[in-house]
Amino acid sequence: MVQRTPLHDVHVRAGARMVEFAGWDMPVQYEGILAEHAAVRERAGLFDVSHMGEVVFRGPKALESLQRLFTNDLSRCQDGQAQYGALCRESGGIVDDVVVYRRSAEDLLVCVNASNRQKDYDWLHGHAFGAEVTNESDAWGQLALQGPRAPEILQRLTSVRLSSVGTYRFTDGEVAGVRCLVARTGYTGEDGFELFCAAADAPRLWASLIEAGRPDGLRPCGLGARDSLRLEMAYRLYGSDMDDATTPLEAGLGWVVKLDKGAFMGRDALLKQKEAGLSRKLVGFVLTEPGISRHGHAVLQDGKPVGTVTSGTRSPSLGLSIGLAYVPPALAAEGSTFAVDIRGRAAAAKVVKTPFYAKKTRA
Amino acid sequence: MNYPDDLKYTKEHEWCRVKGNRVVVGITDHAQDSLGDIVYVELPEVGDPVKKGEAFGVVESTKAVSELFSPVTGKVVEVNDPLSDAPETINEDPYEEGWMIQVEVADFKELDTLLDTAAYQKFIQEESE
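The structure presented is a predicted model; accordingly, all values stated were derived computationally and were not measured.

Calculation rules
Residues numbered from 1 in each chain as written. Chains lettered and ligands numbered in written order. Predicted model: local features only at pLDDT ≥ 70, side-chain atom pairs only at ≥ 80, totals over all residues. Helix = DSSP H or I, 4+ residues; strand = E, 2+ residues; numbered from the N terminus. Rg over C-alpha atoms; globule rule 2.2 N^0.38 Å. Buried ≥ 20, exposed ≤ 12 C-beta atoms within 10 Å, placed from the backbone. Contact = placed C-beta atoms within 7 Å. Pairing = 2+ DSSP bridges. Axes fitted to C-alpha atoms, helices over the stretch in contact; angles between N-to-C directions. Parallel < 35°, antiparallel > 145°, perpendicular 65-115°, else oblique. Left-handed = near helix turned anticlockwise from the far one by under 90°. Nonpolar A, V, L, I, M, F, W, Y, C, P; charged D, E, K, R; others polar. Domains from an automatic or database assignment.

(A) The arrangement of the overall build of chain A in detail. Regarding its fold elements, chain A presents eight helices and 19 strands. For 363 residues, the compact-globule estimate of 2.2 N^0.38 gives 21 Å, and the C-alpha radius of gyration of chain A, at 20 Å, lies within 12% of that figure. On the principal axes, the C-alpha backbone points of chain A span a range of 60 × 50 × 50 Å. Expressed as a percentage of the 363 residues in chain A, the buried residues total 51%. Residue pairs at least 24 apart in sequence account for 66% of intrachain contacts in chain A once pairs closer than 6 positions are excluded.

Here you go:
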């Protein structure tokens, strides 16, 4: 049974093109992916991300519990602050990559990927170490307002002083009369906010934001633009760039693995892997010959497969063919070259620094 | 959607137009619309053979890859090279500026098996139901 977000009717009525994604009937685009992508980079875009899940840890053991399941260090996350990290298995394999919103030491909201709602809840609940764990995914709607104009658009609708909500900080507040958790987080590389509200309020909030942003050229955006925006930033996508068989070290997420914070699920395996050295690494590359590489294409060295492309697209902002791939460490350094097998044709590629897209600083 | 009467169509959503001893080939308005923003196109070279029903190239949008199937058998005599730098032309003008290849056709009778405008429109409608 394909699931629908509280905004499904709004998308269909607006003429969005709907596709199935991770078991959800979601808009892939409204007017067009390139126009939506450009709107977010230059002005603002609004995304329905209600398919994302919310699992909440509560009680005196909440913080301690989640610390033991999360690779990043929540003791360094203040109340009102969010933190990105991974949930790992004992083997070090990634259950999911998540953002934890620490409301207090006894109340933490874990935002999980749509495809992993049930898996994550089962995993977290099954290893809760005394915390009260609730799957609130169906109760929440979630909208992402992203782009350089996002703050001024949102400010028109709320008394929350947004200038005091820093990056990866959040607060409770009302937006257009709707109670929200207002977080300065996102998945596009632009300034912006993610608004968590009651599912039933989502259509009202959506309509208010679209209306308020109209003079600024705000566009409703689909998953197509969300994907090209995140890939330009080299943000990983679970299920595409990583899964239960890859570790955060291989996926280039070592910066959110705090091996010195004390015991946590997967730590021993990750320590061991770090000491032994990695056999593959996720790198960003650009094609130096025509073509577009896609998930599943083989990475070739001297004609032999040595790795796999996990994401690829033509970057709308850069006009280059970009991608992420697992390659042997010997090919992981910036400037390394290999080929990508695009339907039988070997296209030359070069490892580059990520993010691919660097935001222009305002003059 | 627009489907000019002077064209013949395939069930894979290519069109062709007779021009002297050649046939000009492209993709339909319906095809470009379903694909979305086209960002890459891979076409054969002049002199390459093409065969009716077989792939002669690839067109990619921001999300999807789609093969191009030749409506006729023959030899490629001209390729719309500007498309490689401006693939969005296919979205903007699929039947004129967005043409893809011109083929010198061996047997024009092949065209008789293709769909006319009415049959193609009916086919699309059935496909979407």
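(B) Highlighting the overall build of chain B. A count of helices and strands for chain B gives three helices and nine strands. For chain B, the α and β elements follow one another from N to C terminus as β-β-β-α-β-β-β-β-β-α-β-α. Expected size for 129 residues packed as a compact globule is a radius of gyration near 14 Å; at 13 Å, chain B falls within 12% of this value. Each of the 129 residues in chain B was classed as buried or not, and the buried ones make up 43%. Once local pairs closer than 6 in sequence are excluded, the contacts in chain B between residues at least 24 apart make up 64%.

(C) Representation of the sheet that holds strand β1 (residues 8-9) of chain B in the model. Residue and element names in this part refer to chain B. The six strands lie next to each other as β1-β2-β3-β9-β8-β5, forming an open sheet whose pairing is antiparallel. The open sheet is flanked by β1 and β5 (49-50), the only strands paired with a single partner. Sheet topology places strand β3 (residues 22-27) next to strand β9 (residues 101-105); four bridges connect them, and they run antiparallel. When the sheet's bridge partners are listed, Val25 is paired in β9 with Ile101.

(D) Structural context of the sheet that holds strand β6 (residues 94-104) of chain A. Residues and elements named next belong to chain A. The strand order across the open sheet formed by five strands is β5-β6-β7-β4-β8, and the pairing between neighbours is antiparallel. Only two strands of the sheet have a single neighbouring strand rather than two, namely β5 (81-88) and β8 (132-135). Each neighbouring strand pair of the sheet contributes to a mean axis angle of 25°, computed without reference to strand direction. Set on the sheet, helix α4 (residues 117-126) makes contact with β4 (53-58), β5, β6, β7 (107-112) and β8; between it and β4 the angle comes to about 15°.

(E) Molecular detail of the packing of helix α2 (residues 33-42) of chain A against helix α7 (residues 223-232) of chain A. Residues and elements named next belong to chain A. Between α2 and α7, the least distance of the axes is 8 Å, while the angle of their chain directions is 55°. Comparing the axis directions of α2 and α7 gives the class oblique. When the axes of α2 and α7 are compared, the crossing they make is right-handed. Here Ile33, Glu36, His37 and Val40 of α2 lie close against α7, whose contacting residues are Gly224, Ala225, Ser228 and Leu229. Residues that form the contact of α2 with α7 fall into these classes: four nonpolar, three polar and one charged.

(F) Quick peek at the domain arrangement of chain A. Residue and element names in this part refer to chain A. In terms of domains, chain A is made up of domain 1 (8-49 + 139-232) and domain 2 (279-352). Between domain 1 and domain 2, the C-alpha centre-to-centre distance is 31 Å. When residues in the side of domain 1 that touches domain 2 are grouped by element, the largest group, four residues, is from α2. A breakdown of the residues in the side of domain 1 that touches domain 2 according to their chemical character gives three nonpolar, two polar and two charged.

(G) Local environment of the pairing of strand β2 (residues 14-19) of chain B. Residues and elements named next belong to chain B. Note: β1 against β2, two bridges, orientation antiparallel. If you follow Tyr9 over to β2, its bridge partner there is Trp15. A loop of four residues connects β1 with β2, the two strands running antiparallel in sequence, and His13 in this loop sits at a positive phi of about 75°. For β2 and β3, the ladder comprises six bridges, and the chain directions are antiparallel. Bridging from a neighbouring strand, Cys16 pairs with Val25 of β3.

(H) Region of interest: the environment of Ala131(A). Residue and element names in this part refer to chain A. Note that Ala131 resides in the loop between α4 and β8. Taking the number of C-beta atoms within 10 Å as the measure of exposure, Ala131 has 24 and is therefore buried. For the pair Ala131 and Glu106, spaced 25 residues apart in sequence, the C-alpha separation works out to 8.8 Å.

(I) Spotlight on the interface of chain B and chain A. The interface of chain B with chain A comprises eight residues on the first partner and 11 residues on the second. For the side of chain B that touches chain A, a count of residues per class yields three nonpolar, two polar and three charged.

(J) Region of the structure containing the environment of Ala333(A). Relative to the elements of secondary structure, Ala333(A) occurs in the loop between β17 (321-327) and β18 (337-342). Remark: the alpha-carbon pair of Ala333(A) and Val352(A), spanning 19 residues in sequence, is separated by 8.2 Å.

(K) The arrangement of the pairing of β9(B) in detail. All names here are of chain B. For β9, a buried count of four out of five residues is recorded, marking the element as mostly surrounded by other parts of the structure. Where strand β8 (residues 74-79) meets β9, five bridges bridge the pair, whose relative direction is antiparallel. Bridging from a neighbouring strand, Val79 pairs with Ile101 of β9.

(L) Examining unusual backbone geometry more closely. Residue and element names in this part refer to chain A. Thr354 connects to Pro355 through a cis peptide bond whose omega is 0°. Relative to the helices and strands, Pro355 is located in the segment after β19 (345-352). The phi dihedral of Tyr168 falls on the positive side, at around 60°, and the residue is not glycine. Of note, Tyr168 is situated in the loop between α5 (150-155) and β10 (170-175). Of note, Ala176 is a non-glycine position whose phi angle comes to about 50°, a positive value. Inspection of the secondary structure assignment puts Ala176 in the loop between β10 and β11 (178-183). In this structure Ala176 comes out as buried when scored by C-beta crowding, with 20 C-beta atoms within 10 Å.

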